[in-house]
Amino acid sequence: MYKEICDVFIFFCLCVWSGVFSADAVQSESVMEGESVTLNSGLTQIQKKDLITWGYGHNNIIIATVKEKSQPDFPDGRFSDRLKLDHQTGSLTITHTRTEDSGLYKVSSTSRETLNTFSLTVYARLPVPVISLSSKKSSSSNCSLVCSSSVLNVSHVTLSWFKGNSSLSSISVSDISRSLSLPLEVECLDDSYSCVLNNPIRNQTTHPNTELCQPCSTDCKTSCHSVDIHCCGFTEAVIRLALSAVVGVAAVVVLVYDIRSRSLQQKRREQTSPSNSD
């Protein structure tokens, strides 16, 4: 039993030493264009005579190196002055990120072939979507809107219409270099409607100008109670009309029953009055 435990312990140590575990796993990092991101080397302290090297891309082009208690070196000029290396840990910081900075980053040392590998995605900044009246007229009395956004060189974006927290419709694209638009037809308009453009880490939201369409105001709500099809919609108007009819019939039935009851009571009094007088 003791020998088996020792064998397992030795195997575990060999696996850790050879980097079988998490060292070879690719870690994902995401950031918006213009922001800074730090890629951790996984070290707490650079060892003596140890050289830390950062490589970029599938060809692992060396972009930064540093030794203990020495100035870092940035041999590749593509990042200009946007790279920083931590003298103690060897962690790499990229400032003022650009979309072309996306890719693989691998950090290694002379004592270990690979410390960490990162897949960095830099997302382009999202524009604010614009809501306007659609040039295509609706076949019904509804108001036709369109939400559009110029999302040049933007990847993994979704354009959506919302009413409150409920999604009405959406369109998603993985890679696009043109404008994106999404139509919507409404019966009336209020500030609960919104159009949202988002990627996996950010979103931009805009609300429509309620003057573009018939507003869902107090007047509309009042007319809805009076069964206005434009404000309520055909289905809701029919339901309200049916409910009103049921309530009206019930009121008539109650009224007729009350009249008949009073009439019967009156006849009974008249019939009992002569017998009492005798």
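For clarity, every value in this text was computed on a predicted model and none was experimentally measured.

K.L.:
Please give an account of the pattern of salt bridges that cites residues and values.
P.N.:
For side chains of opposite charge, pairing can occur when their charged atoms come near one another. Inspection of every chain in the model, using the stated rule, returns 4 salt bridges. Two residues, Arg78 and Asp76, come together in a salt bridge whose shortest N-O distance is 2.6 Å. Note that Arg82 is salt-bridged to Asp101, the shortest N-O span being 2.8 Å. Linking Arg82 in the loop between strand E4 (61-67) and strand E5 (83-85) with Asp101 in the loop between strand E6 (92-94) and strand E7 (103-109), this pair joins segments that are 19 residues apart in sequence.

K.L.:
Outline the sheet that holds strand E10 (residues 143-150), supporting the account with residue identities and numerical values.
P.N.:
Strand order in the open sheet formed by 3 strands is E9-E10-E13, and the pairing between neighbours is antiparallel. On the outer flanks of this sheet lie strand E9 (130-133) and strand E13 (179-186), each paired with one strand and no other. Each adjacent strand pair in this sheet contributes to an overall mean axis angle of 25 degrees, direction not counted. In terms of strand pairing, E9 meets E10 through 4 bridges, oriented antiparallel. Residue Ile131 lies in a different strand from E10, and its bridge partner there is Cys147.

K.L.:
Residue-level account of the sheet that holds strand E2 (residues 37-39), with values.
P.N.:
Overall, antiparallel pairing links the 3 strands, which are arranged E2-E6-E5 in an open sheet. Edge strands, defined here as strands with exactly one partner in the open sheet, are E2 and E5. The mean angle between the axes of side-by-side strands here comes to 20 degrees, regardless of whether they run parallel or antiparallel. Strand direction decides the pairing type here: E5 and E6, joined by 3 bridges, are antiparallel. In the strand pairing of E6, Lys84 is matched with Thr93.

K.L.:
Give me the lowdown on the nonpolar core, citing residues and values where you can.
P.N.:
In terms of nonpolar packing, the biggest core is built from 21 residues, with Trp54, Ile63, Leu92, Ile94 and Tyr105 touching the most fellow members. Where this core is concerned, the elements lending two or more residues are E2, strand E3 (51-56), E4, E5, E6, E7 and strand E8 (116-123). Those residues in contact with Tyr105 that lie beyond four places of it in its chain are Leu39, Trp54, Gly55, Tyr56, Ile63, Phe79, Leu92, Ile94, Asn116, Thr117, Phe118 and Leu120. Among the nonpolar cores identified, the runner-up in size contains 20 residues, and Ala124, Ile131, Val154 and Val173 belong to it.

K.L.:
Residue-level account of the state of the cysteines, with values.
P.N.:
Considering all chains together, one arrives at 3 disulfides under this definition. The disulfide partner of Cys143 is Cys213, and the S-S distance across this bridge is 1.8 Å. The disulfide joining Cys143 to Cys213 has a torsion of about -55 degrees about its S-S bond and is therefore left-handed. Here the residue Cys143 occupies a position in strand E10, and Cys213 occupies one in the loop between strand E15 (203-206) and helix H2 (218-225), the gap between them amounting to 70 residues. Cys213 matches Cys143 in its accessibility class, with the two residues each being buried. Here Cys147 engages in a disulfide with Cys195; their sulfurs sit 1.9 Å apart. The disulfide joining Cys147 to Cys195 has a torsion of about -90 degrees about its S-S bond and is therefore left-handed. Of this pair, Cys147 sits in strand E10 while Cys195 sits in strand E14 (residues 193-198), and the two are 48 residues apart along the sequence.

Conventions adopted
Residues numbered from 1 in each chain as written. Predicted model: local features only at pLDDT ≥ 70, side-chain atom pairs only at ≥ 80, totals over all residues. Heavy atoms only, no water. Salt bridge = Lys/Arg side-chain N within 4 Å of Asp/Glu carboxyl O. Helix = DSSP H or I, 4+ residues; strand = E, 2+ residues; numbered from the N terminus. Pairing = 2+ DSSP bridges. Axes fitted to C-alpha atoms, helices over the stretch in contact; angles between N-to-C directions. Core = buried A, V, L, I, M, F, W, Y, C linked by side-chain atoms within 4.5 Å. Buried < 20%, exposed > 50% of the residue type's maximum accessible area, 1.4 Å probe, protein only. Contact = heavy atoms within 4.5 Å. Disulfide = S-S within 2.5 Å.

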